[in-house]
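The lines below spell out each chain.
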Amino acid sequence: MILGSSAQAYHNNMVGPIMRAGDLATAVIEAAKLDNPGRELFVEDKRAYIRIHMEQEMVLRRQTIEEELGRPFKMNDLEVDLSSFAGQIESRDNEIRFYFVKRI
Amino acid sequence: MALLNRMDWYDLARTTNWTPTYVTEDELFPPQLSGGFGLPQGAWEKYDEPYKQTYPEYVKVQREKDAGAYSVKAALERSRIFENSDPGWKSVMKAHYGAIARGEYAAASAEARMMRFSKAPGMRNMATLGCMDEIRHGQMQLYFPHEHVAKDRQMDWAFKAYDTNEWAMIAARHFFDDIMLTRDAISVSIMLTFSFETGFTNMQFLGLAADAAEAGDHTFANLISSIQTDESRHAQIGGPALKVLIENGHKAEAQKRVDIAVWRAWKLFSVLTGPIMDYYTPLEHRKQSFKEFMEEWIVAQFERALTDMGLDLPWYWEQFLADLNETHHGMHLGSYYWRPTVWWNPAAGVTPEERDWLEKKYPGWNETWGQCWDVIIENVVDGNMALTYPETLPYVCNMCQLPILGTPGSKWNVKDYPLDYNGRLYHFGSEVDRWVFQQEPERYAGHLSIVDRFLAGMIQPMDLGGALHYMNIAPGECGDDAHDYAWADVYRAMRATKKAG
């Protein structure tokens, strides 16, 4: 039938957070642009959640999010609205990284 | 006071393995519960959780999450969202809470197994937090529906469902018991946290939240998306276990566990999530089709991540992709047909506009599933209601515990996949369901499906009344058409117009 479209969905290299809407998500979108200069950002708002994606790798820095929020922010505070994410994750004190090892 | 950064002390704090001297390692970590795959403690100490969290951070973040979810509930409590919502949407909530809420407590037990018995210190730490997550999910998903129990008796099934022999609950328990409660710690991490939680819970807790937000049910949307923020952390428990297994030459064992869990999750979601997304949710509030949500969350996101970690796509990948177009339509038709045996009121979801939507999302729907619905619609319009109910039992698969289905129409393809094991004839709805059984027959062999129980005389009297009694469905709880057949008016009018013309 329409096997093709489903199979195609697998062929992607999109990584990044999927956030509940709110000021944190807005700050993360801005941070994604600032912390990954020159990279194309894909933002898809599904109302209950927002996909914030890039090809292959995305880094978010604590300080950038803090500046965008205008209030103190610890990296693990991201979890409050981090509903899901695409790719693998690496969490550190001052940054978080979403990535794929392989490229399709 | 200056505090050390987390990463300055994290590794040291989780170094909690020691060499036992009073007991053997196998006594401390019984293989049946620990699932060490023959690997010594040292191999599991290389386990490195990618999503790190500490207890003080956990308490702070969870408090903030709860404050958010409960304040949205409090703010909207008097808005009469439930009373004013479409009956189809109420059925979404009833099916969700019944099938999920108490399962969360089972998940807490599964997390507790990893917390105590895993040889990987990092896993024990993350599972401690995961266990508390699951207790939170159980409590919230019992507390939130409770305000509606006085208004609608079926809402009581949020608590009651898991204690019953209702057929969908037998199916849900069979699956959850298999991946959560009857496996060693490492298998739980792969089957529950990696396969089920990084994959399928996103469908139910974020895909459905998108529909809920469209339907204006912000309490529910906010609740389930908040729950998913816990899942996205503790779902990462399984990934590093997979890496340890792959590095130590156990890829095939890991792959098998993933393949079993993914297929079994898919079957359960085809009956639970498929119908509510494509038929119960009012048309104007459907964000995407079930298939589109599956493509987004399972195909594009989960399976892509799975292969990035060094595993392969499941061996049944092509069949899975093909079934995304079909299985849940049959599950919906079946649960609508046998509607007195569910604790919610199925919405038919087949007005002309809805059929156009189904045809667009699933080309060929009218030629296949639509033909069956044509017959039901004719009978409803004619007032032949008895003909809209079944007189017989479906054949039920001895793995997924759900009806054995085919796609109706010219390509009618229903097929039984039988297996003789120790003198008993088992029936399966697909090659994959049978394959799951064959991987470990003794695990499943003693179980009786609802139809097996019927044929064994365990359900008396052998009629609908006896079946409802067996399934603990009290009067006033039986499912019926969500809209009391009001949707058929348009077909009645079309027939009248045709006659007049």
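The preceding data block contains the structure.
None of the values given here were measured: they were computed from a predicted structure.

Caption draft 1: Spatial organisation of the sheet that holds strand S3 (residues 50-55) of chain A. All names here are of chain A. Here we have four strands laid out as an open sheet, ordered S2-S3-S1-S5, and antiparallel in their pairing. Here the strands that pair on one side only, and so sit at the sheet edges, are strand S2 (42-45) and strand S5 (82-86). For this sheet, the mean inter-axis angle between neighbouring strands, taken without regard to orientation, is 15°. Across four bridges, the pairing between strand S1 (residues 14-19) and S3 is antiparallel. Counterpart to isoleucine 18 in the pairing with S3 is arginine 51.

Caption draft 2: Focus on the pairing of S3 of chain A. All names here are of chain A. Bridge count between S2 and S3: four bridges; the pairing is antiparallel. Residue glutamate 44 lies in a different strand from S3, and its bridge partner there is arginine 51. The turn joining S2 and S3, which pair antiparallel and follow one another in sequence, is formed by four residues; a positive phi near 75° is taken by arginine 47.

Caption draft 3: Summary view of the sheet that holds strand S7 (residues 95-99) of chain A. All names here are of chain A. A sheet is described by the order of its strands in space; here three strands give the open sequence S4-S7-S6, paired in antiparallel fashion. Both edges of this open sheet fall to strand S4 (57-61) and strand S6 (88-91), since each of them pairs with a single strand only. Neighbour-to-neighbour, the strand axes of this sheet turn through a mean angle of 15°, independent of strand direction. In this structure, S4 lies alongside S7, joined through five bridges in antiparallel fashion. By the bridge assignment for S7, leucine 60 is matched with isoleucine 96.

Caption draft 4: Structural detail: the interface of chain A and chain B. Of the residues lining the interface, 33 residues belong to chain A; the matching set on chain B comes to 40 residues. Only helix H1 (3-9), S5 and S6 of chain A provide two or more residues apiece to the side of chain A that touches chain B. Considering every element that reaches the side of chain A that touches chain B, the biggest residue donor is S5 of chain A, with five residues. For the side of chain A that touches chain B, the class distribution of residues is 15 nonpolar, eight polar and 10 charged.

Caption draft 5: Structural detail: the environment of tryptophan 365 of chain B. Residue and element names in this part refer to chain B. Residue position: tryptophan 365 is located in the loop between helix H18 (352-361) and helix H19 (369-382). Taking the C-beta count within 10 Å as the criterion, tryptophan 365 has 23 such neighbours and is therefore assigned buried. In sequence terms tryptophan 365 and lysine 499 are 134 residues apart; their C-alpha atoms lie 27 Å from each other. Apart from residues no more than four positions distant in its own chain, tryptophan 365 is found in contact with Leu358, Glu359 and Gly370.

Caption draft 6: Molecular detail of the packing of helix H2 (residues 23-35) of chain A against helix H3 (residues 62-69) of chain A. All names here are of chain A. Orientation of H2 relative to H3, taken along the N-to-C sense of each, is 130°, at an axis distance of 8 Å. Relative to H3, the element H2 is oriented oblique. Between H2 and H3 lies a crossing of right-handed hand. On H3, the residues touching Asp23, Ala27, Val28, Glu30, Ala31, Leu34 and Asp35 of H2 are Thr64, Ile65, Glu68 and Leu69.

Caption draft 7: Representation of unusual backbone geometry. All names here are of chain B. Between glutamine 460 and proline 461 the backbone carries a cis peptide bond, its omega angle lying at -15°. Counting through the fold element by element, proline 461 comes out in the loop between helix H22 (450-455) and helix H23 (464-470). In this structure, phenylalanine 37 is a non-glycine residue whose phi angle is positive, near 55°. Within the fold, phenylalanine 37 resides in the loop between helix H3 (31-34) and helix H4 (41-44). Even without glycine at this site, arginine 80 takes up a positive phi of about 55°. One can find arginine 80 in the loop between helix H5 (55-76) and helix H6 (81-84).

Caption draft 8: Spatial organisation of helix H13 (residues 238-247) of chain B. All names here are of chain B. The buried fraction of H13 is high, at seven of 10 residues. Along its buried surface, H13 packs onto H4, helix H8 (121-149), helix H11 (185-214) and helix H14 (251-280). A positive backbone phi angle near 80° is found at glycine 249, which sits one or two residues after H13.

Caption draft 9: Local environment of the nonpolar core. Ranked by size, the top nonpolar core spans 166 residues in total, and within it Met19 and Val28 of chain A together with Ala171, Ala209 and Ala241 of chain B carry the most contacts. The element best represented in this core is H11 of chain B, accounting for 17 residues. Sequence-distant contacts of alanine 241 of chain B, that is, excluding residues within four places in its chain, are made with Tyr47, Ala120, Met123, Ile186, Ser189 and Ile190 of chain B.

Rules of the game
Residues numbered from 1 in each chain as written. Chains lettered and ligands numbered in written order. Predicted model: local features only at pLDDT ≥ 70, side-chain atom pairs only at ≥ 80, totals over all residues. Pairing = 2+ DSSP bridges. Helix = DSSP H or I, 4+ residues; strand = E, 2+ residues; numbered from the N terminus. Axes fitted to C-alpha atoms, helices over the stretch in contact; angles between N-to-C directions. Contact = placed C-beta atoms within 7 Å. Nonpolar A, V, L, I, M, F, W, Y, C, P; charged D, E, K, R; others polar. Buried ≥ 20, exposed ≤ 12 C-beta atoms within 10 Å, placed from the backbone. Parallel < 35°, antiparallel > 145°, perpendicular 65-115°, else oblique. Left-handed = near helix turned anticlockwise from the far one by under 90°. Core = buried A, V, L, I, M, F, W, Y, C linked by C-beta atoms within 7 Å.

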